Amino acid sequence: MEFLFNSLLELITQTSTNLPPDVRAAMGIALKQETPGTQSHQALSIMATNIDMAHEDQGPICQDTGMPTFIVHTPVGVNQLVIKKKIKEAVAEATRLGKLRPNSVDSLTGKNSGNNLGEETPVIHFEQWEHDEIEVKLVLKGGGCENKNIQYSLPCELDHLGKAGRDLAGVRKCILHAVWQAQGQGCAPGALGVCIGSDRAHGYDLAKMQLFRTLDDVNPNPELAALEAEIVAEANRLGIGAMGLGGGVALIGCKIAAANRLPASFFVSVAYDCWAFRRLGIRMDASSGVITQWLYRDPERPVERMAKETGFPLTGREVILTPPLTEEMMRQLKVGDVVLIRGEMFTGRDAVHAYLMKNPPPVDLNGAVLYHCGPVMLKQGEEWFVKAAGPTTSSREEPYQADVLRNYGVKAVIGKGGMGKKTLAGLQECGAVYLHGVGGAAQFYARTVKKVLGVHLFDFGVPEAMWHLQVEDFMAIVTMDAHGNSLHAEVEQATGDVLETMKA
Ligand code: SF4
């Protein structure tokens, strides 16, 4: 097995940096279908640019490289312990090289292991099979979309859709509800894996396994094939749009399996994956570990560029923000304004927000921009470099954000997916704004960072530390302003009204 380690490292690197052709094709269709000039179209354009940048630079498509989940098939007689050991070594090396973000956190102490290894991480499933090669499939699914997975127990009552019964009509309602409840927080447009039936635990497993089907395959069960097509068409009429900014695209695929269930249980389990749908596989020679075939790829077909042009097309109407920001400047901004930030900002996510509830900040945050981001960083010599730095889901900071604005004078918060009523009231009271970045656009935003000026609270681990960054033309959209307006609340209400019309 002399090549096993290198083959696995290549699988991880390619999965993290190069989206498979079926996902690229689906994103290309979404881009063509969305109306040019809309915020949803702008977000899709940035996603396309980001996909190209990640491939060119071999950098992570999204900074959240997820919980690495390996599905391994081996011929009888192959030593699975050796494969497990090599997978762990390859995961640690990919982390050291900045292809994976250190994502494995002790659930009791909160300590990040720093190398993606720890209790039950990475996730590895083994199966034996009749073939004489080893097959390894890998999916990297980040926390933002993982948090939008949902499970229904039928019969149940659903917002806007009413009663969902124990039949395919009830299943359809659950899946539509799953798309609606995700809004932009799972970085729409998303792809769904669904399991009808089974028990709670295995249902979720089987739902996730559907993500290993290609987006353009056709379900061999005609009833499920019809339901898959119907869900995609209906979801794309809801008006969610890319990143939940409102628009015509919400889903790039839906894959459904049915499994037997107990008479008393009827679960519908939904695994929501984001547009940064990173999944690949390899077949290897069982004695040497050399790669004999890539899965989900046609080796004859070169990787095609997604975006027609690089960068974000500027209109000249963008508002330039140069921190420190003042209340007066922020009160002039309104929902829909596009801003370009030039100057300094600080990252801060879950651990930083919890810390700030009990401790003063390690830096002066008056007039500051606080970026909800857990970047991938590499240290070269004494200097840190950003390898990937897109926004993370802001709703996790909802319990803290208004206090942070009030107590420390932060004037702009950047994240994705929007925030709730408490934060909206805090923005209004303090004269601050919420700025929406494009989730997953980790390479696009990494290129706006001109220098890492420092790091604070480093004990929290790389993703959770407070990084002090110098940025140039960091683009974001005002989606919650200082006058009580929230694009997220508007889109949720409008899409809920449309969902209501899909009751039948
Ligand atoms: S694209 Fe969004 S949901 Fe997907 S991993 Fe990245 S941040 Fe998370």
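Reading the values: the criteria
- Residues numbered from 1 in each chain as written.
- Predicted model: local features only at pLDDT ≥ 70, side-chain atom pairs only at ≥ 80, totals over all residues.
- Heavy atoms only, no water.
- Near = heavy atom within 4 Å.
- Nonpolar A, V, L, I, M, F, W, Y, C, P; charged D, E, K, R; others polar.
- Phe/Tyr/Trp six-rings, centres within 6.5 Å; stacked < 30°, edge-to-face > 60°.
- Buried < 20%, exposed > 50% of the residue type's maximum accessible area, 1.4 Å probe, protein only.
- Lys NZ or Arg CZ within 6 Å of the ring centre and 35° of its normal.
- Salt bridge = Lys/Arg side-chain N within 4 Å of Asp/Glu carboxyl O.
- Helix = DSSP H or I, 4+ residues; strand = E, 2+ residues; numbered from the N terminus.
- Contact = heavy atoms within 4.5 Å.
- Axes fitted to C-alpha atoms, helices over the stretch in contact; angles between N-to-C directions.
- Left-handed = near helix turned anticlockwise from the far one by under 90°.
- Pairing = 2+ DSSP bridges.
- Right-handed = clockwise from strand over helix to strand, strands pointing away.
- Parallel < 35°, antiparallel > 145°, perpendicular 65-115°, else oblique.

## A few points about the site of the ligand
Line of reasoning, step 1. By nearness alone, every residue bordering the ligand is listed as Cys 62, Asp 64, Gly 142, Gly 144, Cys 145, Gly 186, Cys 187, Cys 274, Ala 276, Arg 278, Lys 416 and Gly 440.
Line of reasoning, step 2. In terms of residue class, the shell around the ligand is made up of five nonpolar, four polar and three charged.

## Side note on the packing of aromatic side chains
For any pair of aromatic rings, the description consists of the separation of the ring centres together with the inter-plane angle of the planes.
Line of reasoning, step 1. This structure, assessed with the given rule, holds seven aromatic pairs.
Line of reasoning, step 2. On the basis of an interplanar angle of 90° and a centroid distance of 6.0 Å, the ring pair of Phe 458 and Trp 467 is categorised as edge-to-face.
Line of reasoning, step 3. Of the residues examined, Trp 467 reaches a relative accessible area of 0% and is grouped as buried.
Line of reasoning, step 4. Among the aromatic residues, those joined into a ring-pair cluster are Tyr 371, Phe 444, Tyr 445 and Phe 474.
Line of reasoning, step 5. When the ring centre of Phe 277 is taken as reference, the NZ or CZ atom of Arg 279 above it lies at 4.7 Å.
Line of reasoning, step 6. In this arrangement the basic side chain of Arg 279 is found over the ring face of Tyr 296, its NZ or CZ atom lying 4.4 Å from the centre.

## A word on the pattern of salt bridges
Line of reasoning, step 1. As enumerated under the stated definition, the model contains 28 salt bridges in all.
Line of reasoning, step 2. For Arg 305, the salt bridge identified is with Asp 52, shortest N-O distance 3.5 Å. Taken together, the residues span a long stretch of sequence, with Arg 305 in the loop between β11 (291–295) and β12 (319–321) and Asp 52 in helix α3 (residues 39–57) at a distance of 253 residues.
Line of reasoning, step 3. Judged by relative accessible area, which is 45%, Arg 305 ranks as partly exposed.
Line of reasoning, step 4. Residue classification places Asp 52 among the buried residues on the basis of a relative accessible area of 5%.
Line of reasoning, step 5. Put simply, Glu 56 and Arg 447 hold a salt bridge, and the shortest N to O gap is 3.9 Å.

## Description of the side chain of Glu 234
Line of reasoning, step 1. Here Glu 234 is to be found in helix α8 (residues 222–235).
Line of reasoning, step 2. If we skip the residues at most four places from it in the chain, Glu 234 touches Arg 172, Leu 176 and Met 502.

## A look at the environment of Tyr 272
Line of reasoning, step 1. Mapped onto the secondary structure, Tyr 272 falls in strand β9 (residues 267–273).
Line of reasoning, step 2. Taking relative accessible area as the criterion, Tyr 272 reaches 1% and is therefore assigned buried.
Line of reasoning, step 3. Separated by 81 residues in the primary sequence, Tyr 272 and Ala 191 have C-alpha atoms spaced 6.0 Å apart.

## Concerning the packing of helix α6 (residues 168–182) against α8
Line of reasoning, step 1. Relative to each other, α6 and α8 sit at 35°, their axes nearing to 10 Å. The way α6 lies across α8 gives a crossing that is right-handed. The residues of α8 that touch α6, namely those facing Leu 168, Val 171, Arg 172, Ile 175, Leu 176 and Val 179, are Glu 223, Leu 227, Glu 230, Ile 231, Glu 234 and Ala 235.
Line of reasoning, step 2. Of the residues belonging to the contact of α6 with α8, the class tally is eight nonpolar, no polar and four charged.

## Re the pairing of strand β18 (residues 433–436)
Line of reasoning, step 1. Of the two faces of β18, the one carrying Val 433 and Leu 435 and the one carrying Tyr 434 and His 436 are both buried.
Line of reasoning, step 2. When strand β17 (residues 412–415) meets β18, the two strands line up parallel, connected through four bridges. Along β18, the bridge assignment pairs Val 413 with Tyr 434.
Line of reasoning, step 3. In the classification by handedness, the crossover that spans β17, the intervening helix α12 (residues 421–430) and the parallel β18 is right-handed.
Line of reasoning, step 4. The pairing of β18 with strand β20 (residues 466–480) spans three bridges and is classified as antiparallel. In the sheet register, His 436 faces β20, and the bridge partner there is Ile 477.

## Remarks on the packing of helix α11 (residues 398–408) against α12
Line of reasoning, step 1. Following both chains from N to C, one finds α11 and α12 inclined at 10°, their axes separated by 8 Å at the closest point. By the criterion of interaxial angle, the relationship of α11 to α12 is roughly parallel. Along the contact surface, α11 presents Glu 398, Pro 399, Gln 401, Ala 402, Leu 405 and Arg 406, while α12 presents Lys 421, Lys 422, Thr 423, Gly 426, Leu 427, Glu 429 and Cys 430.
Line of reasoning, step 2. In terms of residue class, the contact of α11 with α12 is made up of five nonpolar, three polar and five charged.

Fair warning: the whole summary comes from geometry, so function is off the table for now.
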